[in-house]
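Breakdown of the fold
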Amino acid sequence: MLLDIVGVRPQVLSFLLFFVVWEILSHRYIEKQLHKLFYVLPLLFLVWANIHAGFVAGLGVFAVCVLFSLYKAYFKNNNYPSYINILRTDGIVLALSFLATLLTPYGIDLWLEIINSTTTPLIREIGEWQSSFLSWNIVYALFIGLFLGLTFALRKKLHPLEISIAILLTLASASHARMLPILLIVAIPLFAKCTNEFYKLLNATPEKETINRAISYTTIVIVLAVLIFIAQGRNIVTPYDPPMNAIRIETELHEKIGGNTFNEYGFGGAMILNNP
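Scoring rules and cut-offs
Residues numbered from 1 in each chain as written. Predicted model: local features only at pLDDT ≥ 70, side-chain atom pairs only at ≥ 80, totals over all residues. Heavy atoms only, no water. Core = buried A, V, L, I, M, F, W, Y, C linked by side-chain atoms within 4.5 Å. Buried < 20%, exposed > 50% of the residue type's maximum accessible area, 1.4 Å probe, protein only. Helix = DSSP H or I, 4+ residues; strand = E, 2+ residues; numbered from the N terminus. Contact = heavy atoms within 4.5 Å. Phe/Tyr/Trp six-rings, centres within 6.5 Å; stacked < 30°, edge-to-face > 60°. Lys NZ or Arg CZ within 6 Å of the ring centre and 35° of its normal. Expected span 1.5 Å × (residues − 1). Salt bridge = Lys/Arg side-chain N within 4 Å of Asp/Glu carboxyl O. Polar contact = N/O pair within 3.5 Å; in protein donor to acceptor, adjacent residues only side chain to side chain. Axes fitted to C-alpha atoms, helices over the stretch in contact; angles between N-to-C directions. Parallel < 35°, antiparallel > 145°, perpendicular 65-115°, else oblique. pLDDT = per-residue confidence, 0-100. Nonpolar A, V, L, I, M, F, W, Y, C, P; charged D, E, K, R; others polar.

**Quick word on the nonpolar core**
- Judged by nonpolar contacts, the single largest core of 59 residues is most densely connected at Phe18, Trp22, Leu25, Leu41 and Phe62.
- For this core, the element with the highest residue contribution is helix H8 (residues 180-203), accounting for twelve residues.
- The residues touching Trp22, leaving out its near neighbours within four places in the chain, are Ile30, Val61, Ile165, Ile185 and Val186.

**Structural notes on the packing of aromatic side chains**
- Overall, the coordinates contain twelve aromatic pairs when judged by the stated rule.
- Each ring, one from Tyr29 and one from Phe38, has its centre 6.2 Å from the other, and the planes form 75 degrees; the classification is edge-to-face.
- Each ring, one from Phe45 and one from Phe62, has its centre 6.5 Å from the other, and the planes form 10 degrees; the classification is stacked. Of this pair, Phe45 sits in helix H2 (residues 41-49) while Phe62 sits in helix H3 (residues 55-76); the two residues are 17 residues apart in sequence, bridging distant segments of the chain.
- Taking relative accessible area as the criterion, Phe45 reaches 0% and is therefore assigned buried.
- Through successive ring pairs, a cluster of aromatic residues spans Tyr29, Phe38, Tyr39, Phe45, Trp48 and Phe62.
- In this structure, Arg28 packs its charged tip against the face of Phe38, placed 4.0 Å from the ring centre.

**Quick notes on helix H4 (residues 80-100)**
- For H4, built from 21 residues, the straight-helix expectation of 30 Å at 1.5 Å per residue is met to within 8% by its first-to-last C-alpha distance of 29 Å.
- Those residues of H4 lying buried are Ile86, Asp90, Gly91, Val93, Leu94, Ser97 and Ala100.
- Contact partners of the buried residues in H4: helix H1 (11-29), H2 and H3.

**Observations regarding the pattern of salt bridges**
- Counting across every chain of the model gives two salt bridges.
- The shortest N-O distance in the salt bridge between Asp90 and Arg28 comes to 3.0 Å. Remark: Arg28 occurs in helix H1 and Asp90 occurs in helix H4; sequence separation between them is 62 residues. Residue Asp90 shares its accessibility class with Arg28, and that shared class is buried.
- For Glu162, the salt bridge is made with Lys193, and the minimal N-O distance between the two is 3.2 Å. Taken together, the residues span a long stretch of sequence, with Glu162 in helix H7 (residues 160-175) and Lys193 in helix H8 at a distance of 31 residues.

**Side note on the side chain of Thr101**
- Among the structural elements, Thr101 can be located in the loop between H4 and helix H5 (108-119).
- The exposure class assigned to Thr101 is buried, which follows from its relative accessible area of 0%.
- At 2.9 Å, the side chain of Thr101 and the side chain of Trp111 are in polar contact.
- For Thr101, the residues in contact, after removing those within four places along its chain, are Phe45, Ala49, Phe55, Leu110 and Trp111.

**Some details on the packing of H1 against H3**
- Here H1 crosses H3 at 10 degrees, and the two axes come no closer than 9 Å. Viewed along their axes, H1 and H3 adopt a mutual orientation that is roughly parallel. Residues Ser14, Phe18, Val21, Trp22, Leu25 and Tyr29 of H1 touch H3, and the partners they reach there are Phe55, Ala57, Gly58, Val61, Phe62, Cys65, Val66 and Ser69.

**Describing H1**
- For H1, built from 19 residues, the straight-helix expectation of 27 Å at 1.5 Å per residue is met to within 8% by its first-to-last C-alpha distance of 26 Å.
- Buried residues of H1: Gln11, Ser14, Phe15, Leu17, Phe18, Val21, Trp22, Ile24, Leu25, Ser26, Arg28 and Tyr29, and no others.
- Where the residues of H1 are buried, they touch H2, H3, H4, H7 and H8.

**Remarks on the confidence of the model for the protein**
- Confidence along the protein averages 80 in pLDDT terms, with 78% of residues attaining 70 or more.
- No element of the protein has a lower mean pLDDT than helix H10 (residues 234-237), which averages 49, and none a higher one than H2, which averages 96.

**Things to note about the packing of H3 against H5**
- For the pair H3 and H5, the least separation of the axes is 12 Å and the interaxial angle reads 95 degrees. For the element pair H3 / H5, the angle class is roughly perpendicular. Taken together, the residues of H5 that come into contact with H3 (itself represented by Phe55, Val56 and Leu59) are Leu110, Trp111 and Ile114.
- Here the contact of H3 with H5 is built from residues that sort into six nonpolar, no polar and no charged.

Rendered as C-alpha cells:
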C-alpha cells in the first residue's frame, strides 16, 4: 500500500522534513528538552513550503503542540506567567513558521490552492486521497490494532500530547491513505515505547490487572482491525466491473478517428490501469 504513495516524488522530501520537525517538537514538548533547533523551525518551513504542500501536516502538528502547552499552563496548572512565556516564545515561532510558508512564488495563493484541492469532491477520485480502508493489507491492520490497543492500555505511562497527535494522525490516515507515512513516523517510535513499557510490566512485580487490560484491549482492537480489513477489502467494497460498453466505444473511436481520447480523471485512470 505504501508503494502506491512513496516513490520518486517531491512528497518523499515532505516525509523527511516531517520527521525532522517531529523530532524537534517531541524533544521540546514531550521530553521537555530545550534545543536551539526549535528556533530554526521557521527556516525549515520556508524550505518545506517551496518544495511540497505537505508542510501543512507539520504546521498542524506544531499548532497542536503549542495549543496543548497553552491549555496545560493556563487551565490545568493555573500558571499565568508560563502561559505568557509560551505565547512569547512558542507562539511567535509558530507565527513565523506560518508566515514563512507565504514566502513562495505563489504567496497566499499556495494556501488557497491547498484548500481548494483538499475540499474539492474530485479528490475522492484520486487513489491516495481515498480512505486507507480501501487498500490496506493485513500487516497494516495488525500493526494499527496492536498500536492502538497498547497505546490505550498503557495511556497512563505515555505523554497525553503524543497520544493525541497519534490519534489525530490515525484518523487522518483512515480518511486519506496519503497520510499513512506521516502516521508511521509518529506511530513507530510510540509503538516501540509501548512495547518497552509492556515488557517492563512483564518483568517487574506482577501487575495482572494492567497486563490483562493491555492484552484484552489489544486483542479487541486487532479483531476489529482484521474485521474491517475483511469487510472493507477493495474486492468487496468496489469490485471491479469492466465498463465493456465504454471500452467498445473507445475502441471504435480510436479506429475511426485515431489519436487520444480525453477521459475524466478517475475513469481514465481506471481504463489505463485495467485495460491498457
